[in-house]
Amino acid sequence: MIEIVETEAGTARITWHRAEEPRLVLALSHGAGGGVEARDLQALARVLPGHGVTVALVEQPWRVAGKKVAPAPKTLDTGWRGIWPALAGMELPVISGGRSAGARVACRTASQLGAHAVLALSFPLHPPGRPEKSRAEELLGAGVPTLVVQGGNDPFGRPQEFPDGSYDLVEVADADHGFAVPKRAAITQEQALETVTAGVVRWVGSLA
């Protein structure tokens, strides 16, 4: 089911993947360079409804408008805040989530929106090759239970680069920023995505 939502940043789009007897809603947005067709977002949308979690794949207004470049973080936050009433309207706890730039948005807005938790997929801890430009404060400031799922070879921040903090982290061995793994890797692409989905299922099950 597709729902169109008007926000102050423009028209957003939610694709719902509903659980039969949901106990949580997981809202997931895309990164700055792609859409909700990303392999990890699609994998979670397939798997999580079978575990009592309704998944809402959210397309930010700039993607719906057909633009190729994401706007400033402030505008992304405005778009995310605008879709929140549609998510909260399910009258279930909402996990705010996303990949890359979408993960940053989820962290920045979690406390303000009353998110139950945050799922940060491929959190861009820093620009590639620029570890001094850390975005750790966004992650550490989420203020709610947080899970980071990170590729072992993510140039935007490898797992060992992440600071200590009150969040959980699942590493996807050999995976890059898009959770793609090279053919020479010890795990297959399918196994990499299973690591993502299994880690999220375990974490969701641990949430009160």
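All of these numbers come straight from a predicted model, not from anything done at the bench. (Residues numbered from 1 in each chain as written. Predicted model: local features only at pLDDT ≥ 70, side-chain atom pairs only at ≥ 80, totals over all residues. Heavy atoms only, no water.)

**Student:** If you had to explain the packing of aromatic side chains to someone new, which residues and values would you point to?
**Tutor:** In this structure the tally under the stated criterion is two aromatic pairs. Note on F123 and F162: the rings are 6.4 Å apart at their centroids and 65° apart in plane angle, and the pair reads as edge-to-face. Taken together, the residues span a long stretch of sequence, with F123 in the loop between strand 6 (117-121) and helix 5 (136-140) and F162 in the loop between strand 7 (146-151) and strand 8 (168-172) at a distance of 39 residues. For the pair formed by F123 and F162, the shared burial category is buried. Above the ring of W16, the side-chain terminus of R18 is found at 4.6 Å from the ring centroid. (Phe/Tyr/Trp six-rings, centres within 6.5 Å; stacked < 30°, edge-to-face > 60°. Helix = DSSP H or I, 4+ residues; strand = E, 2+ residues; numbered from the N terminus. Buried < 20%, exposed > 50% of the residue type's maximum accessible area, 1.4 Å probe, protein only. Lys NZ or Arg CZ within 6 Å of the ring centre and 35° of its normal.)

**Student:** Quick rundown of the pattern of salt bridges? Include the residues and the values.
**Tutor:** In total, this model carries seven salt bridges according to the counting rule given. One continuous salt-bridge network, built from bridges that share partners, spans D77, R104, R108 and E138. (Salt bridge = Lys/Arg side-chain N within 4 Å of Asp/Glu carboxyl O.)

**Student:** Which residues make up unusual backbone geometry, and what values do they have?
**Tutor:** Positive phi, close to 55°, is recorded for S100, a residue that is not glycine. Structurally, S100 can be placed in the loop between strand 5 (94-99) and helix 4 (101-113).

**Student:** Let's hear about the pairing of strand 2 (residues 10-17): which residues, and what values?
**Tutor:** As judged from the six bridges shared by strand 1 (residues 2-7) and strand 2, these two strands associate in the antiparallel manner. Considered in strand 2, the bridge of E6 is made with T11. Between strand 1 and strand 2, which pair antiparallel one after the other, the connecting turn spans two residues. The pairing of strand 2 with strand 4 (residues 53-59) spans five bridges and is classified as antiparallel. Residue pairing across strands places T15 opposite L57, the latter belonging to strand 4. (Pairing = 2+ DSSP bridges.)

**Student:** How would you sum up the environment of P145? Please name residues and give values.
**Tutor:** If you trace the backbone, P145 turns up in the loop between helix 5 and strand 7. Using a relative accessible area of 42% as the deciding quantity, one classes P145 as partly exposed. Apart from residues no more than four positions distant in its own chain, P145 is found in contact with H116, A117, V118, W203 and L207. (Contact = heavy atoms within 4.5 Å.)

**Student:** How would you summarise the side chain of T109 if you had to cite specific residues and measurements?
**Tutor:** Residue position: T109 is located in helix 4. T109 gets classed as buried once you look at its relative accessible area, which sits at 1%. With residues near it in sequence (within four places) discarded, T109 still touches D77, W80 and R81.

**Student:** Let's hear about the pairing of strand 6: which residues, and what values?
**Tutor:** The buried count for strand 6 comes to five of five residues, which makes it a mostly enclosed element. Residues A117, L119 and L121 point to one face of strand 6 and V118 and A120 to the other, with burial holding for every one of them. Direction of pairing for strand 5 relative to strand 6: parallel, over a ladder of five bridges. Bridge pairing links I95 to A117 in strand 6. In this region the chain leaves strand 5, passes through helix 4 and returns to the parallel neighbour strand 6; the handedness of that crossover is right-handed. The pairing of strand 6 with strand 7 spans four bridges and is classified as parallel. (Right-handed = clockwise from strand over helix to strand, strands pointing away.)

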